[in-house]
Amino acid sequence: MNAQEIIDIENKYTSGVYAKQTLTIVRGQGASLFDVDGNEYLDCSSGHGVANLGHAHPKIAEALYKQASTLITLFESFPNDQRAALMEKITALVPGLDRVFFCNSGTEAVEAAFKFARISTGRKNFIAAMRAFHGRTFGSLSATFNKKYREGFEPLLPGVSHVAYNNIEALEKAVNEETAAVILEVVQGEGGVYPASAEYVQVARRICDERGALLIVDEIQTGFGRTGRLFAIEHFGVTPDLLVCAKSLAGGVPMGAVLIGHKVQNLTPGVHGSTFGGNPLSCAAANAALEVIKEEGLPRQAEVKGAYLLDKLRRIESPNIREVRGLGLMVGIEMKQKVTPYIKALQEKKIIALNAGLTVIRLLPPLVITYEQIDHLVKVLSEVLTVEQKDE
Ligand SMILES: *Cc1c(COP(=O)(O)O)cnc(C)c1O
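On a predicted model such as this, the values are computed, not experimentally measured, just so you know.

## Points about the overall build of the chain
Line of reasoning, step 1. Within the chain one finds 13 helices and 17 strands.
Line of reasoning, step 2. If you line up the chain on its principal axes, its C-alpha atoms span 55 × 55 × 45 Å.
Line of reasoning, step 3. Long-range pairs, those at least 24 residues apart, make up 71% of the contacts in the chain between residues at least 6 apart in sequence.
Line of reasoning, step 4. As displayed, the chain has an accessible area near 17700 Å², and 54% of this comes from carbon and sulfur atoms.
Line of reasoning, step 5. Taking the average location of the 41 positive side-chain charges in the chain and that of its 44 negative ones, the two points are 2 Å from each other.

Encoded structure:
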């Protein structure tokens, strides 16, 4: 099939819920993606933060092949060698979070965390932040802030309210004896790449402790090295009661997880479950991914390369740039205009970038991006961002 045939077929049969690109990607390697005609693109999206290890990592491919020819599926009621190994590894990552629930995506991890918070505390309400993104199924959607995701789907989960992010007073006012949990991203992703202040995260922890609410941290986008630490909470010295992760957990294979702390109670058989959750194939991929992250020192790579990239971006002199911010290789460039035309212009120069809201260009490259690729990225960005790009 050529590019146009692929595009035509997808446009004919798609549900319609995606704004389709006119770029057809068939292969990946490290931080590069290739279209059907063999043109190379620099991937600064990582599938929204999934491909931290880079595309087509040989250790993930090998683990998948081996496990696929051994055992793909097994309900979590039956113990399994790959799952047991992953449970040991993943619960050793954050001191104090020593149990785990496996599922298949980010939104499922958030849904599980919400159920666990209610059954554990006997309370109903949740507090999330303005600009937050936690997913698109009914529970997680209720905690997602942007109207664009929520409109047309009400009524959502009752008892979910939103407070200003990084605002201690607002949190002080909102959390009470009916609050089951506070849910936060410690660097907001979709919302525009806003890191939390250390004080805010630490105060959130204290308020939850004082008032008997649980603290859920959503590390679905920030996890597994992205921000320069294995988990972004390590920047803040705070341990949540529930940590939800997914995206790059299994090296690109669909998988989600909830890490669970001591305060979370009443998780008894039947309280929750998932057909595919903890399947040996995903577990084998995650085992391999965690080994690669360690062997290749990916959090450290993200820290150093992220600082290098941020420094270079801050030197671009352009009247169109409002602010450059980020943590590790999670980078936002806030523009004074809408960013869709900028992202289009970047794509024409073979760089795939994301937006975060209307005015922020978001860069989430694979953590294995090379310095040569970063230098190229900066060069193209300084060409594209210094010219005011407008919709045709
Ligand atoms: C992507 C994302 C989700 C949702 O994950 P899905 O796998 O798409 O359901 C939730 N929270 C954050 C912070 C995310 O970045």
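## Description of the pattern of salt bridges
Line of reasoning, step 1. For the coordinates displayed, the defined rule picks out 19 salt bridges.
Line of reasoning, step 2. Ionic pairing is found between E295 and K59, a salt bridge with its closest N-O pair at 2.8 Å. Of this pair, E295 sits in helix α10 (residues 280–295) while K59 sits in helix α3 (residues 58–68); the two residues are 236 residues apart in sequence, bridging distant segments of the chain.
Line of reasoning, step 3. If you follow the salt bridges from partner to partner, you end up with E172, R206, E210 and R211 in one network.

## Digging into helix α12 (residues 340–348)
Line of reasoning, step 1. Among the residues of α12, those classed as buried are P341, Y342, I343, A345, L346 and Q347.
Line of reasoning, step 2. Close packing links the buried residues of α12 with β3 (40–43), β14 (330–335), β15 (351–352), β16 (354–355), β17 (360–363) and α13 (371–385).
Line of reasoning, step 3. Once α12 finishes, K350 follows within two positions and takes phi at roughly 65 degrees, a positive value.

## Concerning the pairing of β14
Line of reasoning, step 1. Taken across its six residues, β14 has six buried, putting it largely inside the fold.
Line of reasoning, step 2. Side chains of β14 alternate between two faces, with M330, G332 and E334 and V331, I333 and M335 buried alike.
Line of reasoning, step 3. Where strand β13 (residues 321–327) meets β14, six bridges bridge the pair, whose relative direction is antiparallel. Counted as the bridge partner of L327 is M330 from β14.
Line of reasoning, step 4. Sheet topology note: the β14/β17 ladder contains four bridges and is antiparallel. Within β17, the position partnered with G332 by the bridge is R362.

## Focus: a nonpolar patch on the surface
Line of reasoning, step 1. A cluster of nonpolar side chains, M1, I9 and Y13, forms an exposed patch at the surface whose accessible area comes to about 400 Å².
Line of reasoning, step 2. Note that M1 resides in the segment before α1 (3–13).

## Structural notes on the packing of α12 against α13
Line of reasoning, step 1. Between α12 and α13, the shortest axis-to-axis distance is 10 Å and the interhelical angle comes to 135 degrees. It follows that α12 is oblique to α13 by the angle criterion. When the axes of α12 and α13 are compared, the crossing they make is right-handed. Packed against α12, whose contacting residues are Y342, A345 and L346, the element α13 presents V380, L381, V384 and L385 at the interface.

## Section: the site of the ligand
Line of reasoning, step 1. Around the ligand, the neighbouring residues are S105, G106, T107, F133, H134, G135, E185, D218, I220, Q221 and K247.
Line of reasoning, step 2. Contact distances for the ligand include 2.8 Å between an oxygen atom and a side-chain N or O atom of Q221.
Line of reasoning, step 3. K247 is positioned with one of its side-chain polar atoms (N or O) 2.7 Å from an oxygen atom of the ligand.
Line of reasoning, step 4. The fraction of the free accessible surface of the ligand (390 Å²) that becomes covered by protein chains is 81%.
Line of reasoning, step 5. Its residues assigned to classes, the shell around the ligand shows two nonpolar, six polar and three charged.

## Section: the domain arrangement of the chain
Line of reasoning, step 1. Partitioning the chain into structural domains gives domain 1 (3–53 + 297–385) and domain 2 (58–295).
Line of reasoning, step 2. For domain 1 versus domain 2, the separation of C-alpha centres amounts to 25 Å.
Line of reasoning, step 3. Contact with domain 1, which involves 29 residues of that partner, is made by 29 residues of domain 2.
Line of reasoning, step 4. Roughly 2200 Å² is buried in total at the junction of domain 1 and domain 2, and carbon and sulfur atoms are behind 61% of that figure.
Line of reasoning, step 5. Interface area lost by domain 1 to domain 2 is led by L53, L327 and M330, which between them contribute 30%.
Line of reasoning, step 6. Across the domain 1-domain 2 interface, the total number found is two salt bridges.
Line of reasoning, step 7. For the side of domain 1 that touches domain 2, the secondary structure elements donating two or more residues are α2 (46–49), α11 (298–314), β13, β14 and β17.
Line of reasoning, step 8. In terms of residue count, the dominant contributor to the side of domain 1 that touches domain 2 is α11 (five residues).

Conventions adopted
- Residues numbered from 1 in each chain as written.
- Predicted model: local features only at pLDDT ≥ 70, side-chain atom pairs only at ≥ 80, totals over all residues.
- Heavy atoms only, no water.
- Helix = DSSP H or I, 4+ residues; strand = E, 2+ residues; numbered from the N terminus.
- Contact = heavy atoms within 4.5 Å.
- Areas by Shrake-Rupley, 256 points an atom, 1.4 Å probe, with all protein chains shown as cover.
- Lys, Arg positive; Asp, Glu negative; His and termini not counted.
- Charge placed at Lys NZ, Arg CZ, Asp CG, Glu CD.
- Salt bridge = Lys/Arg side-chain N within 4 Å of Asp/Glu carboxyl O.
- Buried < 20%, exposed > 50% of the residue type's maximum accessible area, 1.4 Å probe, protein only.
- Pairing = 2+ DSSP bridges.
- Patch = residues over 30% accessible without salt bridge, like charges linked within 9 Å, V, L, I, M, F, W, Y side chains within 5 Å.
- Axes fitted to C-alpha atoms, helices over the stretch in contact; angles between N-to-C directions.
- Parallel < 35°, antiparallel > 145°, perpendicular 65-115°, else oblique.
- Left-handed = near helix turned anticlockwise from the far one by under 90°.
- Near = heavy atom within 4 Å.
- Polar contact = N/O pair within 3.5 Å; in protein donor to acceptor, adjacent residues only side chain to side chain.
- Nonpolar A, V, L, I, M, F, W, Y, C, P; charged D, E, K, R; others polar.
- Domains from an automatic or database assignment.
- Buried area = accessible area lost by both parts, 1.4 Å probe.

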